[in-house]
Amino acid sequence: MSGIDSLPPLREVIAAHGLSARKSLGQNFLLDLNLTARIARAAGEIAGADVLEIGPGPGGLTRGLLAEGARRVLAVEKDSRCIPALEEIAAAYPGRLDVIEGDALEVDPLAHLTPPIKVAANLPYNVGTELLVRWLTPKDWPPFWESLTLMFQREVAERIVAQPGGKAYGRLAVLAQWRCDAKIVLSLPPGAFSPPPKVSSAVVHLAALPGPRYPANAKILQDVVARAFNQRRKMLRAALKGLGPDIEDRLVAAGIKPTDRAEVVSLEQFCALARGFEG
């Protein structure tokens, strides 16, 4: 029996179901149920919420979420080998865990969950960033979720919370901080996982704001930021020249020097620049 419920320890579950982690699926299993419970608590008050979990694997975080009182958990898992282990958890928590075998990029959470909804996941490394960008850039805001509590490689986590002026600052920081409060809430060493990854990991909590910090058209802002950071070694007047012949004037109007590079431009300035392209 484990420390948080009546189910077996995760090492026994993995051994019983032959769940060796697959690099092709970006899998690194977190085995310490005390840590998974801490991640669940980092998601905030979940007793009255439905929770979307991506890539649950053998169900360590799933168990943490259920033990911490999540009203309901929707676990989306691509690896069919993990489904029997997840079904055992569902049996131990009747009516509170739904398991979908499939690709998280193709699942519509609103077809299965009832607001308020939170997202909590040890994201597979190979789709984590893509999922985050999708969740940060929906057609309508506020999004379907109230908060995201996500585990990433430490380097990715630092990019999400980065401030202007450093190497970590880029597209993820702008998109995340434009409409969310973002902070790192937990750090984990490689040894916490099986197999141990080559890098440390960190959990980021993103709380959705009611509206953006600064007005801007989302599609235009995304385009401006993508172009700016795709050529971050260039001066902005060169990196953004494809947006129009008068790019220098637009930069100056937004309070940006044409000779600046993207990493020194603040979120407020990027939003002002995006507004300059509206209409």
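Residues numbered from 1 in each chain as written. Predicted model: local features only at pLDDT ≥ 70, side-chain atom pairs only at ≥ 80, totals over all residues. Heavy atoms only, no water.

Caption draft 1: Region of the structure containing the packing of helix α6 (residues 154–161) against helix α7 (residues 171–179). Two numbers describe how α6 lies on α7: the axes approach to 6 Å, and their chain directions differ by 55 degrees. As summarised for this structure, α6 and α7 are arranged oblique, according to the angle between their axes. Once α6 is placed against α7, the crossing between them reads as right-handed. Residues Val156, Arg159, Ile160 and Val161 of α6 touch α7, and the partners they reach there are Leu172, Ala173, Ala176 and Gln177. When the residues that make up the contact of α6 with α7 are grouped by side-chain class, the tally is 6 nonpolar, 1 polar and 1 charged. (Axes fitted to C-alpha atoms, helices over the stretch in contact; angles between N-to-C directions. Helix = DSSP H or I, 4+ residues; strand = E, 2+ residues; numbered from the N terminus. Parallel < 35°, antiparallel > 145°, perpendicular 65-115°, else oblique. Left-handed = near helix turned anticlockwise from the far one by under 90°. Contact = heavy atoms within 4.5 Å. Nonpolar A, V, L, I, M, F, W, Y, C, P; charged D, E, K, R; others polar.)

Caption draft 2: Structural context of the packing of aromatic side chains. Using the criterion set out here, one finds 3 aromatic pairs in the structure. The interplanar angle of 45 degrees and the centroid separation of 5.6 Å between the aromatic rings of Phe229 and Phe270 together place this pair among those described as tilted. Of this pair, Phe229 sits in helix α8 (residues 218–230) while Phe270 sits in helix α11 (residues 267–275), and the two are 41 residues apart along the sequence. Residue class for Phe229 comes out buried when judged on its relative accessible area of 9%. The rings of Tyr169, Phe229 and Phe270 are connected pair by pair, giving a single aromatic cluster. (Phe/Tyr/Trp six-rings, centres within 6.5 Å; stacked < 30°, edge-to-face > 60°. Buried < 20%, exposed > 50% of the residue type's maximum accessible area, 1.4 Å probe, protein only.)

Caption draft 3: Expanded view of the state of the cysteines. Counting across every chain of the model gives 0 disulfides. Cysteine Cys180 remains unbridged, with the sulfur of Cys271 as its closest cysteine sulfur at 13 Å. Using a relative accessible area of 0% as the deciding quantity, one classes Cys180 as buried. (Disulfide = S-S within 2.5 Å.)

Caption draft 4: Main features of the pairing of strand β4 (residues 97–101). Bridging between strand β3 (residues 72–77) and β4 involves 5 bridges; their strand directions are parallel. Paired with Val76 across the two strands is Ile100, which belongs to β4. Taken together, β3, helix α4 (residues 83–92) and β4 constitute a β-α-β crossover, and its handedness is right-handed. (Pairing = 2+ DSSP bridges. Right-handed = clockwise from strand over helix to strand, strands pointing away.)

No statement about biological role is implied by the geometric values presented.
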